[in-house]
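# Fold and geometry: a report
Given next are the chains, with one letter for each unit.
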Amino acid sequence: MLEVHVLGTSSARPAYGREVSGSVIDTPSGQILVDCGEGLQLRMKEHSARLKNCGMQQRLRHTRIRLLLLTHGHLDHCWGVLPLMQSMALDGRNKPFVVAAPISDISFDAMLHGGAYVSLDDPGIPRVDMARQWQQWWSLGATIDQLGYEVDWYVVDFSTGERWMRLNPESGESELLETPPVLFDGAEVRPHETLHSVPSCAWSVTLADKPGRFDSEKAVGLGLDDSAVNKLARGIDIEVDGKPLTAADFRGDSRKGLSVMISGDTKGGVPSFMELGEQGEGPNLLIHESTYTDIKQDKAEEWMHSTAKDAAKAAQAMGAEHLLLTHYSSSIEDTTISISEARELHASCYAADDGDIIRVSYDGISLLRWDGRGWSQIENAFL
Ligand SMILES: [Zn+2]
């Protein structure tokens with residue numbers, strides 16, 4: 001199962017009880033944080049205390065987070081990172097931490113040739129480029145010396161395909177990677193370039209395919225003894241009375257690994273989303289920004305954001321099974337219109353609130369909403 005804890009659904013600034021971006025994806029192998037706006041660590045703490053008080057098993061602790069994925073450098077998505085990393089240090093973290101983000105091609109090339117601390121004064125580099133911010137964070141103490149735990153820093157650039165580089169703030173070195181790094185053991189984590197006013201990407205997290213169900217009745221029906229059935233169940237081919245039996249013949253089709261994608265900020269019509277659709281690689285759940293509704297389509301284009309319908313078109317294009325809207329402008333207090341506009345194009349769609357928990361499993365999808373005292377499932381949020 002994949003479980004997403006949505007901790008901020010407002011764009012740009014807090015509004016109507018909504019905070020800025022940040023979500024935790026809980027996987028069977030650990031937790032992944034996607035974006036980390038201002039004050040996220042406090043929200044995690046409160047959310048986790050609620051989980052505990054309600055007798056739920058899950059906990060969100062920054063010590064459990066192994067990977068931080070940043071979608072872009074706008075401060076509502078990353079202003080909480082350095083305080084979070086410092087709290088991890090104060091809590092005595094000793095496990096390594098991995099951070100990945102997209103940067104501009106100019107800063108990528110500059111760091112590739114001049115190292116992690118190269119001067120990034122080219123006016124073509126956005127002011128909030130993650131590379132610039134990381135240099136600041138390092139100078140403010142985000143290094144092994146100061147933190148006491150290891151951090152792997154990876155940047156990706158999409159200007160010529162997908163280029164990855166590892167940055168080492170301790171030695172100042174930069175290393176171009178021949179293949180994309182393994183960011184997380186236990187799930188495939190991939191960036192998908194999006195279209196925003198600064199370098200940006202969506203991130204998908206996909207679990208390994210699930211082997212098909214073992215057909216024990218078929219094996220028992222052949223009169224096989226326990227030991228033979230056991231071997232077939234473990235995938236070992238056997239021979240019975242001179243007749244070969246192939247283990248694969250006793251298994252149903254494998255099931256595609258569960259997958260969740262978080263869009264970050266983007267305008268509509270993203271080519272990488274269409275490619276996913278063509279490859280049949282759309283996620284089970286797409287969590288997509290929907291800053292505006294139809295009435296502000298012009299604003300969406302001007303600021304390179306999406307309307308609820310743009311989000312629905314993205315879900316359609318990539319073949320996402322379910323769509324969850326997030327990242328609302330402060331002009332949206334009630335998300336009913338966002339939901340109804342998006343549902344015109346993608347029926348299985350709902351709008352997130354801060355504190356929502358979404359469970360994605362082979363049995364389906366469910367959305368749990370905090371009502372002030374506990375979480376209850378919203379019936380028919382998704383089809
Ligand atoms: Zn934003």
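For the structure itself, look to the data block above.
Everything in this summary refers to the structure shown in the same document. Note that the structure is predicted; figures quoted are calculated from it, not measured.

A few words now on a positive patch on the surface. Taken together, Lys52, Arg61, Arg64 and Lys95 make up a surface patch of like positive charges. Following the sequence through the fold, lysine 95 ends up in the loop between α3 (81-90) and β5 (97-102).

Residues of strand β13 (residues 259-262) alternate between two faces, with Ser259 and Met261 on one and Val260 and Ile262 on the opposite face, all of them buried. As paired strands, strand β10 (residues 201-206) and β13 are joined by four bridges and run antiparallel to one another. Bridged to valine 205 within β13 is valine 260. Pairing analysis gives three bridges linking β13 to strand β14 (residues 285-289), with the strands arranged parallel. In the strand pairing of β14, isoleucine 262 is matched with isoleucine 287.

Ideal geometry at a metal centre gives angles of 109.5 degrees when four donors are arranged tetrahedrally and 90 or 180 degrees when six donors are arranged octahedrally. Donor atoms from the polypeptide that coordinate the zinc ion comprise Asp76 (OD), His77 (NE2), Asp265 (OD) and His327 (NE2), at 2.1 to 2.5 Å from the metal. Coordination at the zinc ion comes from four donor atoms whose angles at the metal span 91 to 155°, giving a geometry best classed as irregular. On the primary sequence, the residues serving as donors to the zinc ion are separated as D-H-x187-D-x61-H. Taken together, the residues aspartate 76 in helix α2 (residues 75-78) and aspartate 265 in the loop between β13 and α9 (271-278) connect sequence positions 189 residues apart. Aspartate 265 shares its class with aspartate 76; the two are buried.

Attention now goes to the packing of α9 against helix α11 (residues 308-318). Between α9 and α11, the least distance of the axes is 6 Å, while the angle of their chain directions is 35°. Here α9 contributes Phe273, Met274, Leu276 and Gly277 to the contact with α11, which in turn contributes Ala314, Ala317 and Met318. The residue makeup of the contact of α9 with α11, split by class, is six nonpolar, one polar and no charged.

Summed over all chains, the structure comprises one cavity of 30 Å³ or more. Approximately 140 Å³ is the volume found for the largest cavity. Surrounding the largest cavity, 16 residues form its lining, Ser21, Ser23, Asp35, Ile262 and Thr326 being those nearest its centre. The residue makeup of the lining of the largest cavity, split by class, is four nonpolar, nine polar and three charged.

Computed from the structure, the largest pocket encloses a volume of approximately 530 Å³. Arg190, Pro191, His192, Leu276 and Gln279 are the residues nearest the centre of the largest pocket, which is lined by 24 residues in total. Among the elements of the structure, β9 (188-193), β10, β13 and α9 are those that each provide at least two residues to the lining of the largest pocket. At five residues, the largest contribution of residues to the lining of the largest pocket is made by β9.

What follows is about helix α4 (residues 105-114). Considered for burial, the residues of α4 that qualify are Ser107, Phe108 and Met111. Along the axis of α4, the buried residues cluster in a sector spanning 105°; they form a single face. As for α4, its buried residues are in contact with α5 (130-139), β6 (151-157), β7 (163-168) and β8 (173-177). Count one or two residues on from α4 and you reach glycine 115, which has phi positive near 90°.

Conventions and cut-offs
Residues numbered from 1 in each chain as written. Predicted model: local features only at pLDDT ≥ 70, side-chain atom pairs only at ≥ 80, totals over all residues. Heavy atoms only, no water. Patch = residues over 30% accessible without salt bridge, like charges linked within 9 Å, V, L, I, M, F, W, Y side chains within 5 Å. Areas by Shrake-Rupley, 256 points an atom, 1.4 Å probe, with all protein chains shown as cover. Salt bridge = Lys/Arg side-chain N within 4 Å of Asp/Glu carboxyl O. Lys, Arg positive; Asp, Glu negative; His and termini not counted. Charge placed at Lys NZ, Arg CZ, Asp CG, Glu CD. Helix = DSSP H or I, 4+ residues; strand = E, 2+ residues; numbered from the N terminus. Buried < 20%, exposed > 50% of the residue type's maximum accessible area, 1.4 Å probe, protein only. Pairing = 2+ DSSP bridges. Donors = N, O, S within 2.8 Å, 3.2 Å for Na, K, Ca; no water. Tetrahedral: all angles 85-135°; square planar, octahedral: opposite > 155°, others 65-115°. Axes fitted to C-alpha atoms, helices over the stretch in contact; angles between N-to-C directions. Contact = heavy atoms within 4.5 Å. Nonpolar A, V, L, I, M, F, W, Y, C, P; charged D, E, K, R; others polar. 1 Å grid on protein atoms, 1.4 Å probe; cavity = no way out; pocket = protein on both sides within 12 Å on 5 of 7 lines; lining within 4 Å. Points joined across faces, edges and corners; volume = space filled by probe spheres on them. Arc of directions from axis to C-beta.

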